[in-house]
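Chain by chain, the residues run as shown.
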Amino acid sequence: MSGVRRQIAYPGPGRAPDATPPRESRPDDGLLTVRAAEGDEEAFAVLVREHAPALVALATRLLGDRTEAEDAVQDAFISAWRRLPEFRRHSSFGTWMYRIVTNRCLNVLRARRPVTSLEAAGEFAAPEYDSPERITEARDAIHGMRRALGDLSAEQRACWVLRELDGHSYEFIAETVGISQEAVRARVFRARRCLTRALGAWR
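So, how was this worked out
Residues numbered from 1 in each chain as written. Predicted model: local features only at pLDDT ≥ 70, side-chain atom pairs only at ≥ 80, totals over all residues. Heavy atoms only, no water. Helix = DSSP H or I, 4+ residues; strand = E, 2+ residues; numbered from the N terminus. Buried < 20%, exposed > 50% of the residue type's maximum accessible area, 1.4 Å probe, protein only. Contact = heavy atoms within 4.5 Å. Areas by Shrake-Rupley, 256 points an atom, 1.4 Å probe, with all protein chains shown as cover. Salt bridge = Lys/Arg side-chain N within 4 Å of Asp/Glu carboxyl O. pLDDT = per-residue confidence, 0-100. Axes fitted to C-alpha atoms, helices over the stretch in contact; angles between N-to-C directions. Parallel < 35°, antiparallel > 145°, perpendicular 65-115°, else oblique. Left-handed = near helix turned anticlockwise from the far one by under 90°. Phe/Tyr/Trp six-rings, centres within 6.5 Å; stacked < 30°, edge-to-face > 60°. Core = buried A, V, L, I, M, F, W, Y, C linked by side-chain atoms within 4.5 Å. Nonpolar A, V, L, I, M, F, W, Y, C, P; charged D, E, K, R; others polar.

Caption draft 1: Highlighting the overall build of the chain. In terms of helices and strands, the chain carries nine helices and zero strands. If you list the helices and strands of the chain from N to C, you get α-α-α-α-α-α-α-α-α. The buried share among the 203 residues of the chain stands at 43%. Within the chain, residue pairs in contact and separated by at least 24 positions form 69% of the contacts whose partners lie at least 6 positions apart. Counting every atom, the chain has about 10900 Å² of accessible surface; 48% of that belongs to carbon and sulfur.

Below, the structure is given as structure tokens:
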């Protein structure tokens, strides 16, 4: 699938309007998935174009780096292409890919100490202050937040992102990450506590 990289690095507004057929004029994901499983690369390309933006956004929130996120999604789509004959459609293709991408990102996080970008969690942007003292205080708080996010374990970060930023249920997160719902709740709780402490400096 040499075209996967081109598909996930999706063009901006200048893309040709007919590059991807409108949703109402193309087959649904279920039919496209069946065709792709039979070896239809064009059907799979449509799925990639449809789902790549959301998956890259998810991976960026998890990894904190756009380039790493695109690499993770690329690897996930390549893996999905190879595994399509195993896909039993117990869930939608999008949900299946969501889980593959999340687990790919978890593997990346486990392999290195996370380097956090606050751009991946925009609600933590520092407020603007006129006072130099408050500006310094806010800058210190930002550094504290960076350290706090970086100190989360891979599972804590994934559970927190999926719950707090993406709004998924504990059941969905448990199935995606491969742990119990109780473990998800514990990891989200610990992540919240860690981040709350970091945020306390500029409240």
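Caption draft 2: Focus on the pattern of salt bridges. Applying the stated rule across the entire model yields seven salt bridges. A salt bridge links Glu155 to Arg110; the shortest N-O distance between them is 2.6 Å. Of this pair, Glu155 sits in helix α7 (residues 154-165) while Arg110 sits in helix α5 (residues 93-111); the two residues are 45 residues apart in sequence, bridging distant segments of the chain. Judged by relative accessible area, Glu155 falls into the buried class, the value being 18%.

Caption draft 3: Local environment of the side chain of Thr176. Within the secondary structure, Thr176 sits in helix α8 (residues 170-177). Residue Thr176 is classed as buried on the basis of its relative accessible area of 2%.

Caption draft 4: The arrangement of the environment of Leu165 in detail. Inspection of the secondary structure puts Leu165 in helix α7. When the C-alpha positions of Leu165 and Arg61 are compared, they lie 8.5 Å apart, and in sequence the two are 104 residues distant.

Caption draft 5: Here's a closer look at the confidence of the model for the chain. With 66% of its residues at a pLDDT of 70 or more, the chain has an overall mean of 78. Note that residues 10-21 has pLDDT below 50 and, in this model, six contacts with residues that lie over four places away or in other chains. Predicted confidence is poor over residues 114-126, with pLDDT under 50, and the contacts of this stretch with residues over four places away or in other chains come to 29 contacts.

Caption draft 6: The packing of helix α3 (residues 41-63) against α7, seen in detail. As a packed pair, α3 and α7 sit with axes 9 Å apart at the nearest point and diverge in direction by 130 degrees. As the angle between them shows, α3 and α7 are arranged oblique. Two packed elements cross with a definite hand, and for α3 against α7 that hand is right-handed. Note on element contacts: α7 touches α3 through Arg157, Ala158, Val161, Leu162 and Leu165, opposite Leu58, Arg61, Leu62 and Leu63.

Caption draft 7: Spotlight on the packing of aromatic side chains. Tallying each qualifying case throughout the model produces six aromatic pairs. Considering the side-chain rings of Phe87 and Trp96, the 4.6 Å spacing of their centres and the 25 degrees angle between planes classify their relative orientation as stacked. Judged by relative accessible area, Phe87 falls into the buried class, the value being 8%. With a relative accessible area of 12%, Trp96 lands in the buried category. With a centroid separation of 5.7 Å and an interplanar angle of 70 degrees, the aromatic rings of Tyr98 and Phe172 are classed as edge-to-face. Pair noted here: Tyr98 is in helix α5 and Phe172 is in helix α8, with a separation of 74 residues, a long-range link.

Caption draft 8: Representation of the nonpolar core within the structure. By size, the foremost hydrophobic cluster in this structure holds 50 residues, and its most contacted members are Phe44, Phe77, Phe93, Trp96, Met97 and Val101. Listing elements by their share of this core, those giving two or more residues are α2 (29-37), α3, α4 (66-83), α5, α7, α8 and α9 (181-199). Broken down by element, the residue count for this core peaks at twelve residues, all from α3. Trp96 has contacts with Ala80, Arg83, Leu84, Phe87 and Ser91, leaving out every residue within four places of it along the chain.

Caption draft 9: Region of the structure containing the packing of α7 against α8. At a minimum axis distance of 10 Å, the contact between α7 and α8 shows a crossing angle of 145 degrees. Taken as a pair, α7 and α8 cross one another with a handedness that is right-handed. In this structure, α7 contributes Glu155, Cys159, Leu162 and Arg163 to the contact, and α8 contributes Tyr170, Ile173, Thr176 and Val177. For the contact of α7 with α8, the per-class residue count stands at five nonpolar, one polar and two charged.

Caption draft 10: Seen up close, α8. In terms of burial, α8 is a largely internal element, six of the eight residues being buried. Within the sequence span of α8, burial applies to Tyr170, Phe172, Ile173, Ala174, Thr176 and Val177. In the segment just after α8, Gly178 is the residue with positive phi, at about 85 degrees.

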